[in-house]
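# Architecture and fold: a report
So the chains spell out like this:
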Amino acid sequence: MKLSRIVWLALVGLLYWLATAHVQVARGPGGSDSIPISRATTSPSPTPASVEAPLRKPPSVVSGVVSVDRGRWSQTVQRITYASSVDHTSQPAMFYKAGNDEPRPLLVALHSWSSDYQQPQSAIYADWAIANGWNFIHPNFRGPNVRPAATGSELVINDVLSAIDYAKQKARVDDRRIYAVGWSGGGHLALLLAAHSPEVWAGVSAWVAISDLNAWYSESRKRGTKYAREIAASCGGAPDTNPTAAAECRKRSPLMHLENARNVPVDISHGIRDGMTVRCLSVNRFAHSISWRSQVVAYPRRKSIT
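Residues numbered from 1 in each chain as written. Predicted model: local features only at pLDDT ≥ 70, side-chain atom pairs only at ≥ 80, totals over all residues. Heavy atoms only, no water.

Orientation of helix α4 (residues 154-170) relative to helix α5 (residues 185-196), taken along the N-to-C sense of each, is 80°, at an axis distance of 11 Å. As summarised for this structure, α4 and α5 are arranged roughly perpendicular, according to the angle between their axes. For the pair formed by α4 and α5, the contact residues are Val156, Ile157 and Val160 on the first element and Leu189, Leu192, Leu193 and His196 on the second. Broken down by class, the residue content of the contact of α4 with α5 amounts to six nonpolar, one polar and no charged. (Axes fitted to C-alpha atoms, helices over the stretch in contact; angles between N-to-C directions. Helix = DSSP H or I, 4+ residues; strand = E, 2+ residues; numbered from the N terminus. Parallel < 35°, antiparallel > 145°, perpendicular 65-115°, else oblique. Contact = heavy atoms within 4.5 Å. Nonpolar A, V, L, I, M, F, W, Y, C, P; charged D, E, K, R; others polar.)

Here it is in structure tokens:
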């Protein structure tokens, strides 16, 4: 399945989930290896009792300018920078301010494993936000997952929370309706955010997410893919031979932090023909470690993700 199709399904799935008030609440056993983070300046974000429906389809999608195969950022979406609270560095993001007097939802979209804040496949998220009068931000969170500063680090978590603070300073944001969505590496971060800052989120949607970096490393090494090298570079060495690196992988894995996500509405989706055994199994482990309502949805058969 092409990544652009994953983005399309992730977005449609998220919006359907929100519009129908479909909630899957994470409840799990104890986690460990929590990392210190600075909380976004927001009150707890309970799931709203209702959301408006139906959602409007963007003209760019109707016309085919933006589709499952290509993306182009709207000129109304700005490239901005904001200060990260953890190290006071300037971080880039794509940002859209809804032109409403009343507070509006904020959609925090998260780029995939190998990309950054300018990822064109994420433009469709912004177009849906624009069409429905939502605020939108697409932070960089240290770029591709190829170094210690990225890949679910403390810096990454704080970058996203600082991006939310920026959006709240610049736009009218409804504190009760802040949502995160991502696929692949973005799904990995979405689940980490649900655990590390549960008071922020009204809902989190993760697609084809990586929830166990040690398991993902092992499968990637067997397959001979670049992800094994990138995990080792991010976590201080090969986790199969380096206990310190293995511990760092656990620290950056959503599976290790389930307890904190017990009250966050979480939507996890994964293709049964994805082809990535451990990625599928790790998400399955995440899902079976928490008590929730689940639903199997069939999509047309597609090729495996590479």
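The rest of the description comes next.
The next point concerns the pairing of strand β7 (residues 266-269). Taken residue by residue, a regular strand's side chains alternate between the two faces of the sheet. The alternating pattern of β7 places Val266 and Ile268 and Asp267 and Ser269 on opposite faces, both of which are buried. In the sheet, strand β6 (residues 203-207) pairs with β7 via four bridges, with the strands oriented parallel. Its bridge partner lying in β7, Trp207 is registered against Ser269. (Buried < 20%, exposed > 50% of the residue type's maximum accessible area, 1.4 Å probe, protein only. Pairing = 2+ DSSP bridges.)

We now examine unusual backbone geometry. Backbone geometry places His88, a non-glycine residue, at a positive phi of 65°. On the secondary structure map, His88 appears in the loop between β1 (78-83) and β2 (90-96). A relative accessible area of 66% places His88 in the exposed class.

Time to look at the packing of aromatic side chains. One pass over the structure, following the stated rule, counts six aromatic pairs. Centroid distance Trp134 to Tyr179: 5.6 Å. Interplanar angle 20°. Geometry classified as stacked. Placement of Trp134 in the loop between α3 (123-131) and β4 (135-139) and of Tyr179 in strand β5 (residues 173-183) is noted, with a sequence separation of 45 residues between them. Here the two residues Trp134 and Tyr179 agree in accessibility, since each one is buried. Ring geometry for Trp216 versus Tyr227: centroids 5.4 Å apart, planes at 35°, classification tilted. Of this pair, Trp216 sits in helix α6 (residues 213-223) while Tyr227 sits in helix α7 (residues 226-235), and the two are 11 residues apart along the sequence. Of the two residues, Trp216 and Tyr227, both sit in the buried class. Among the aromatic residues, those joined into a cluster by ring pairs are Tyr82, Phe95 and Tyr166. (Phe/Tyr/Trp six-rings, centres within 6.5 Å; stacked < 30°, edge-to-face > 60°.)

Now for the environment of Pro120. Looking at where Pro120 falls in the secondary structure, it is placed in the loop between β3 (104-110) and α3. For Pro120, a relative accessible area of 39% gives the class partly exposed. Taking C-alpha positions, Pro120 is 6.8 Å from Trp73, a pair spaced 47 residues apart along the chain. Ignoring sequence-local partners within four residues, the contact set of Pro120 consists of Gly71, Arg72 and Trp73.

This part takes up the pattern of salt bridges. As enumerated under the stated definition, the model contains nine salt bridges in all. Residue Arg142 pairs with Asp159 through a salt bridge whose shortest N-O separation is 2.5 Å. Separated by 17 residues along the polypeptide, Arg142 in the loop between β4 and α4 and Asp159 in helix α4 bring together distant segments of the chain. Per residue, the accessibility class of Arg142 equals that of Asp159, and both read buried. Ionic contacts of the salt-bridge type, sharing partners, join the residues Asp87, Arg142 and Asp159 into one network. (Salt bridge = Lys/Arg side-chain N within 4 Å of Asp/Glu carboxyl O.)

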